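# Residue-level structure breakdown
Here is what each chain is made of, one letter per residue.
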Amino acid sequence: MACIETDILIVGAGPAGASLGCFLTQYGVTGLIISKASSTARTPRAHYTNNAAFECLRDIGLEPECRSVATPKELIKFYRFCHTMAGEEISRSYYAGNDPYREGEYKKATPCEQADIPQSILEPILLRVATQNGFKLRWNYEFLTCWQNTETGKVHSTIKDLLSGQELTIVSNYLCGADGARSVVARELDLPFQGKLGGGLAVNVWFEADLSHLMAHSPGLIHMLIKPDKPQPDYCALAITRQVRPFNEWVVSMLAKPGVTEVTASQDEMLEHVRDLIGDDTVSIKPKGFSYWSIQDTYAEKYSSGNVFCLGDAVHRHPPFNGLGSNTCIQDAYNLAWKIAYVRKGLASPSLLQSYNDERQPVGKAVVTRTNETGKIHAQLFALMGVFEPDLTEKRKILNRLEEDSDEGAEARAAFQKIIEKLDSERHGFGIEMNQLYTSNAVWSDDEPGLPPSFSDPEDEKLHYLERTYPGFRLPHAWLRASKATPNDPMISTHDLAGKGHFTIFTGIGGKARWVSAADKVRKAMSVEIKVYSIGGEDYRDLFYDWSKKRGVGEKGAVLVRPDRFVAWRHDNGEQDAEGCGDKLVEVLARILDRCCVSICE
């Protein structure tokens, strides 16, 4: 049997696997990406890209290109419930940071705006960058099985070349299973899962149709269609229409009625139903593809075993509510990449990789829990609208009650409004997207006098992003100006100073000399580079005073940020001498990277 040796083997070339390849190459770490498929995604699939995912892409310089092919947030402005695309509208809400009451909150908290990038457009960008920077890519390679050599630590994977039918062995230092909701890698590891592996049936119809005449005042990403004037087919109790390209390319996701396990309708019949859902007979429709999927509701209780790691949909599978799927995949990869790279470069002990599971598994669990909570809210709304009522006369009666001049009508309207408002946690769930708190050995919170900050109201935690420098939180964003900047020079975010594969220290006026000295002690003792920036005058000016409000330490203190732009540690003792700061910084980095035998060098 033929044998290939590589450093990192990534199984799966979707958002998780492709982005992992990109992130690893930024550290000079490469390997092989394989996929059972014969190409990148042929259908749009995942699409909404949130602020957190864009921040990861920004760190490796991909934000401008991705944004150039994305639909901007202004064109995904609304979330509508209506009879048909051209028909009566029941409700509309702002979406994706477009609410006038919320827009400023987003702009103050992140350098990146949301946008819509179909998976079929994003994947080729990620794979091009990964392969141009050293990764090899093989299509039509099916992962079959693997085993780990306990003496060498290497992973031996058996692969089938689907073109020749031959099997081969790939020996790698690490195996990363990013092979989606039917992950063979996760199955091989026998990862324990919680939840249901299979749920309701759905069919996607991807098509071209010029609907610009309907969208002039209704540009929205999501249009929920209930078509109450005629009986709906078994495969479509409810339709969710979203744009792929404004406003001439679309996907309709048709959710089957409860209990339906297969679609027997022909593609022509489904296309005719799409025509009904548009509600305008003058519109010409050109089909581009049909795909079938089931609603998942499950997460893995652990993400790794030995030198095998799973990420993305391989370990968290959930309904599309909240738009968290591919965004969570990208952030899984971003977390894992720097840890693999530091271990491969000898800068960290292999035990650092345990923190990947400790930090990202709770996030995956929370995502699955959140999307299912959103699904339950939708179910309440569908029941109120009579979506699943089989009798058409009764269905119309239920829906008409929303406009009825009666006590029952007023009660129905109040209940409808309450549920719509409750769904703001889906439309503007900024906290759900951003409030990850990492707790692991890769974070030092021992010096903190209290527990991590939190919202007193759980609803606020879903809706709003809590920016703090408490260890384990995301680095807060603040716009800065270089100290010698001219009026023509652009502002720069704290995020742009951090990341880029290195640790970073932020300090203030009077603090730089001691923290540069401390960082130099770490470099000599551990060969770990730490960038040091003074915000306040010496390097960058905090002209909006946002950083001074968010930094959480005094001017001479320090905020240590990991390569993934999460806070690793902070120090508020600005009066400590440079020697003491250096000793403490070595101690902190030695534990974070699990290099506890490091000797402190002068």
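Scroll up to find the structure.
All figures in this text were calculated on a predicted structure; none of them were measured in a lab.

### What to know about the packing of aromatic side chains
Summed over the entire model, instances satisfying the criterion amount to 21 aromatic pairs. Aromatic side chains Tyr106 and Phe430 sit 4.1 Å apart centroid to centroid with 20 degrees between the ring planes, which places their arrangement in the stacked category. One end of the pair, Tyr106, is in helix α4 (residues 103-109); the other, Phe430, is in helix α14 (residues 430-434), with 324 residues separating them in the sequence. Just as Tyr106 is buried, Phe430 falls in that class too. Taken together, Tyr27, Trp338, Tyr342 and Phe503 form an aromatic cluster joined through their ring pairs. One cation-aromatic arrangement involves Lys288 over Trp206; the distance from NZ or CZ to the ring centre is 4.9 Å. When the ring centre of Trp444 is taken as reference, the NZ or CZ atom of Arg591 above it lies at 4.2 Å.

### As for the packing of helix α9 (residues 325-344) against helix α10 (residues 354-385)
The interhelical angle for the contact between α9 and α10, taken along N-to-C directions, is 175 degrees, at an axis separation of 10 Å. Compared by their axis directions, α9 and α10 come out roughly antiparallel. Contact with α9, carried on its side by Thr328, Gln331, Asp332, Asn335, Leu336 and Lys339, involves Ser355, Tyr356, Glu359, Arg360, Val363 and Val367 of α10 and no other residues of that element.

### As for helix α12 (residues 407-422)
For α12, built from 16 residues, the straight-helix expectation of 22 Å at 1.5 Å per residue is met to within 8% by its first-to-last C-alpha distance of 23 Å. Burial in α12 covers these residues: Gly409, Ala412, Phe416, Ile419 and Ile420. Seen from one end, α12 has its buried residues packed into an arc of 100 degrees, which puts them on one side. Exposed side of α12, more than 90 degrees from the buried face: Asp407, Glu411 and Lys418 are the residues found there.

### With respect to the sheet that holds strand β21 (residues 316-317)
Across the sheet, 3 strands lie side by side as β12-β18-β21; this open sheet has antiparallel pairing. Two strands bound the open sheet, and with one partner strand each, they are β12 (193-196) and β21. Note that strand β18 (residues 297-300) and β21 share 2 bridges and pair antiparallel. Across the sheet, Thr298 pairs through a bridge with Arg317, a residue of β21.

### Thoughts on the packing of helix α2 (residues 51-59) against α9
Running from N to C, α2 and α9 cross one another at 45 degrees; their axes reach a closest spacing of 8 Å. With respect to α9, the axis of α2 lies oblique. Taken as a pair, α2 and α9 cross one another with a handedness that is left-handed. Contacts from Ala52, Ala53, Cys56 and Asp59 of α2 reach α9 at Asn327, Ile330, Gln331 and Tyr334. Of the residues in the contact of α2 with α9, the class split is 5 nonpolar, 2 polar and 1 charged.

### Here we look at the sheet that holds strand β24 (residues 503-507)
Each strand in a sheet pairs with its neighbour through backbone hydrogen bonds, running either in the same direction (parallel) or in the opposite one (antiparallel). Taken together, 4 strands build an open sheet; the order of strands is β25-β24-β27-β28 and the sheet is mixed. Looking at the sheet topology across the chains shown, the edges are occupied by β25 (530-534) and β28 (567-571). The sheet shows a mean angle of 20 degrees between the axes of neighbouring strands, direction not considered. Note: strand β27 (residues 558-561) against β28, 4 bridges, orientation antiparallel. Within β28, the residue paired with Val561 across the bridge is Val567. Its contacts with the sheet put helix α19 (residues 578-592) on β24, β25, β27 and β28, and the angle it makes with β28 is roughly 160 degrees.

### Brief notes about a negative patch on the surface
Together, Glu404, Asp405, Asp407, Glu408 and Glu411 make up a negatively charged patch on the protein surface. By the element assignment, Glu408 lies in helix α12.

### Quick look at unusual backbone geometry
Geometrically, the link from Pro246 to Phe247 is a cis peptide bond, its omega value of -15 degrees lying close to zero. By the secondary structure assignment, Phe247 is in the loop between β15 (238-245) and β16 (249-255). Of note in the backbone geometry, Asn140 takes a positive phi value of approximately 60 degrees without being a glycine. Looking at the element boundaries, Asn140 is found in the loop between β8 (136-138) and β9 (141-148). Its relative accessible area of 16% is what places Asn140 among the buried residues.

### What about the pattern of salt bridges?
Close approach of charged atoms allows side chains of opposite charge to pair. Summed over all chains, the structure comprises 38 salt bridges. A salt bridge links Lys500 to Asp59; the shortest N-O distance between them is 3.5 Å. A residue pair is termed long-range when its members are at least 10 positions apart, and Lys500 in the loop between α16 (494-497) and β24 and Asp59 in helix α2 qualify at 441 residues. Look at Lys500 and you get partly exposed, because its relative accessible area is 42%.

### Digging into α2
The buried fraction of α2 amounts to 9 of the 9 residues, a majority that puts the element mostly inside the structure. Within α2, the full set of buried residues consists of Asn51, Ala52, Ala53, Phe54, Glu55, Cys56, Leu57, Arg58 and Asp59. Looking one or two residues beyond α2, the residue adopting positive phi is Gly61, at roughly 80 degrees.

### Description of the nonpolar core
Core analysis: the biggest nonpolar cluster contains 100 residues, and Tyr342, Phe503, Leu560, Leu589 and Leu593 have the highest contact counts within it. In terms of residues, this core owes the most to one element, α9, which gives 11 residues. With 29 residues, the next largest nonpolar core counts Leu201, Phe207, Ala209 and Val260 among its residues.

### Thoughts on the side chain of Thr43
Relative to the helices and strands, Thr43 resides in the loop between β2 (31-34) and β3 (48-49). Owing to a relative accessible area of 18%, Thr43 belongs among the buried residues under this scheme. When near neighbours in sequence (up to four residues on either side) are disregarded, Thr43 contacts Ser120 and Trp206.

### Some points on the side chain of Thr371
Turning to its location among the elements, Thr371 is positioned in helix α10. Under the relative-accessibility criterion, Thr371 is labelled buried at 0%. A polar atom in the side chain of Thr371 sits 3.0 Å from the backbone oxygen of Val368. Excluding residues within four positions of it along the chain, Thr371 makes contact with His318, Pro319, Phe321, Asn322 and Leu324.

### Points about the pairing of β15
For β15, the buried fraction is high: 7 of the 8 residues fall into the buried class. In this structure, strand β14 (residues 220-225) lies alongside β15, joined through 4 bridges in antiparallel fashion. Looking across to β15, one finds that Met224 is bridged to Ile240. Summarising the sheet, β15 and β16 pair through 7 bridges and their orientation is antiparallel. Within the sheet, the bridge partner assigned to Ile240 lies in β16 and is Ser253. Hairpin connection of β15 to β16: 3 residues between the antiparallel strands.

Procedures and definitions
Residues numbered from 1 in each chain as written. Predicted model: local features only at pLDDT ≥ 70, side-chain atom pairs only at ≥ 80, totals over all residues. Heavy atoms only, no water. Phe/Tyr/Trp six-rings, centres within 6.5 Å; stacked < 30°, edge-to-face > 60°. Helix = DSSP H or I, 4+ residues; strand = E, 2+ residues; numbered from the N terminus. Buried < 20%, exposed > 50% of the residue type's maximum accessible area, 1.4 Å probe, protein only. Lys NZ or Arg CZ within 6 Å of the ring centre and 35° of its normal. Axes fitted to C-alpha atoms, helices over the stretch in contact; angles between N-to-C directions. Parallel < 35°, antiparallel > 145°, perpendicular 65-115°, else oblique. Contact = heavy atoms within 4.5 Å. Expected span 1.5 Å × (residues − 1). Arc of directions from axis to C-beta. Pairing = 2+ DSSP bridges. Left-handed = near helix turned anticlockwise from the far one by under 90°. Nonpolar A, V, L, I, M, F, W, Y, C, P; charged D, E, K, R; others polar. Patch = residues over 30% accessible without salt bridge, like charges linked within 9 Å, V, L, I, M, F, W, Y side chains within 5 Å. Areas by Shrake-Rupley, 256 points an atom, 1.4 Å probe, with all protein chains shown as cover. Salt bridge = Lys/Arg side-chain N within 4 Å of Asp/Glu carboxyl O. Lys, Arg positive; Asp, Glu negative; His and termini not counted. Charge placed at Lys NZ, Arg CZ, Asp CG, Glu CD. Core = buried A, V, L, I, M, F, W, Y, C linked by side-chain atoms within 4.5 Å. Polar contact = N/O pair within 3.5 Å; in protein donor to acceptor, adjacent residues only side chain to side chain.

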